[in-house]
Structure formats: structure tokens, C-alpha cells
Amino acid sequence: MSEIQIVNVSKTYNPGLFKKKVRAVNDLTLDVIKGEVLGLIGPNGAGKSTTIRMLLGLIRPDFGTVFFRGKPLGETTIQREIGYLPENPYLYDHLTLLELLRFCGQTSGLDPAQIKKRGQELMGKLNLLEDQKRPLRTFSKGMLQRSGICFALLHDPSIVILDEPMSGLDPIGRKMVFDLVMELKQQGKTIFFCSHILSDVERLCDRIGLMAKGRLIKQFSREDFLQNIGKTVFLQTTRLTETQKDVLNSLGTSIRDEAEGHLLAVSGDQYFSTNEYLNKASVQVLGCRSEWMSLEELFMQHVKEQRP
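Residues numbered from 1 in each chain as written. Predicted model: local features only at pLDDT ≥ 70, side-chain atom pairs only at ≥ 80, totals over all residues. Heavy atoms only, no water.

Q: Can you lay out the pattern of salt bridges for me, pointing to particular residues and giving the numbers?
A: Scanning the entire structure with this criterion turns up 15 salt bridges. Among the salt bridges present, the one from Arg 69 reaches Glu 81, with a minimum N-O distance of 3.6 Å. Remark: Glu 81 occurs in the loop between strand E5 (71-72) and strand E6 (82-85) and Arg 69 occurs in the loop between strand E4 (63-68) and E5; sequence separation between them is 12 residues. Its relative accessible area of 27% is what places Glu 81 among the partly exposed residues. Between Lys 280 and Glu 276 there is a salt bridge, with the nearest N and O atoms lying 3.7 Å from each other. Within this pair, Lys 280 and its partner Glu 276 are both found in helix H8 (residues 271-280), separated by four residues, close to a single helical turn. For Glu 276, a relative accessible area of 44% puts it in the partly exposed group. (Salt bridge = Lys/Arg side-chain N within 4 Å of Asp/Glu carboxyl O. Helix = DSSP H or I, 4+ residues; strand = E, 2+ residues; numbered from the N terminus. Buried < 20%, exposed > 50% of the residue type's maximum accessible area, 1.4 Å probe, protein only.)

Okay, here's the thing in C-alpha cells:
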């Protein structure tokens, strides 16, 4: 079931007098399924942040419609259901973290007991309890990022939109945020995740959309890049002939073209028979890999295809 549907949405900006208009998003159609972690990736200027702003209702598309639970965005209230962490969160730096969360809770309609309980829980998970009475202007970038996550999640939203949530975090902070996102997923929350750190996207997301030049050019499932699929072994070989490919296919081996040859996905059950054939056919094995294709490879391959 779709929580959010983006249907044929386009958005153009007018940068100023005598300047060419910029088409930030172009005919975008995308579903966000309830309970999934959906990643959105793409190079700078691909239209990711504009897409998020349209999801939040902060800007309106020129064409197309955004639906929330089957209703057009203008006919339903989505803001109370969403927790949003922007790429560069602005927090009132004269307040302490505790005061900031009280303000957030009051504007969200929570009672003081809920604010205290939820705030303490989130600050504990993100290692901020000892700093809750310090002014935010004394916080490091990583602490501010974690504070922004507390702010976004205080009202227990059903949909969480995270734009570059790992920005400025050290490895310990990234691990905290990673664990928190996985916990939210286990609770059945719907998570929309944007990041340039592809390893984080690869580990966290159930499905990934790749944007370039305002368009959604490809969607990936976990099976497209998941590492260590069962007991499969991935062998890099020299270039195969069509006859050799036919024989390997008959043995249950999947084959993908590589720059210097081919990559074979060999199941554990077929490894010895495949290896025996490779020896007989004098096919050289150049190496072994742990994955069929990394997300970074997929990203670079499809983005390069969009260049003139």
C-alpha cells in the first residue's frame, strides 16, 4: 500500500530576469510504500531536495499531483504525520536542546509528560542526555545533526524524511543513526532517505530511486546490489565465447559483461562443476568478488548514460 504517490510531477524555477528557467524536476512518478525504507540518490542538482519540498507541501508542482494515502496533498494534512530532517537544519541556537524539544512538542500538540518521556528516550539513543541543558550554539556539527533528528522524531511521526542524515557525523554517530533508522523500520514507519553516502543507502534501503537532471532514471531493489546473496560466489573471468556462455548458462550460472571480461554468479551447489568446466575450457579466473554489483557501480553506470 502506497503512503505517498508522486504522479507525473514537474517543477520549474525562474532564477531571475533574463536568466534561463531551470527545470528542477521533470515528469517524476514515484511510489513510497508503507513500511519501507526508500532511498533517493543522484548527483548534485538532480532534483532530490525539490522533490522533498513538494512532498512536504512547502512548494507546489507546476504539473502533476502528489497523493498522501490516496488523496491529493491539498485535500489532506500530511505535516502532523511527517518528521523531517533537512540537509542543513536550522535550530534556534540560543535555546538549550531541552528547551528546543519542549518547543517542538508544544507546537505538535503533545502534553508535557509525552514531551519529557519521548525527549529523554531520543536523547538517550543519540547520546545527548548529558548535553541537554547546554545552548545549541555550543554544539558541534555532529551534535547539531543528532539534535535535529531528535527534533524530527519527537512527535512520533509515521513517515520520516531524512535528507543527508549522516552529514557531519563521526563513525559512532553514524552507527547511532543507523540503529535508530533500523528501529523505526521495525516499528513499521515509512522512511524516505536521501544521502550521498552510497554505502549507507545500500545498507539501509529496501528500494532505491536514482535521479538525474530532474528525472527518475532507474529504480533498484535490494537484489540488484545486495552483497553475499546466499552461498553465491562471484568469479571474474577473461572474456567468454558465445559457446562457453551457453554451457555456463546450462549449469545455472548467471553472466554479466565486465570491462576486462565477464562476471559469473555461481551457486554453491554448482561451484565445482562450473570450476571444472572453466579449467577444461582454459578460461582464466582473474579474481573473486563478494557482490554481483555495488550500488556505486550502478550509480556511475546510469549517471554516465545520461551525459551527452
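Continuing now.
Q: Could you give an account of the packing of aromatic side chains, naming the residues involved and the relevant values?
A: All chains considered together, the criterion is met by two aromatic pairs. Pairing Tyr 90 with Tyr 92 gives two aromatic rings, centres 6.1 Å apart and planes at 85 degrees, and the pair type is edge-to-face. An aromatic cluster of three or more residues is present, and its members are Tyr 90, Tyr 92 and Phe 103. (Phe/Tyr/Trp six-rings, centres within 6.5 Å; stacked < 30°, edge-to-face > 60°.)

The quantities given are spatial measurements derived from coordinates; they are silent on function.
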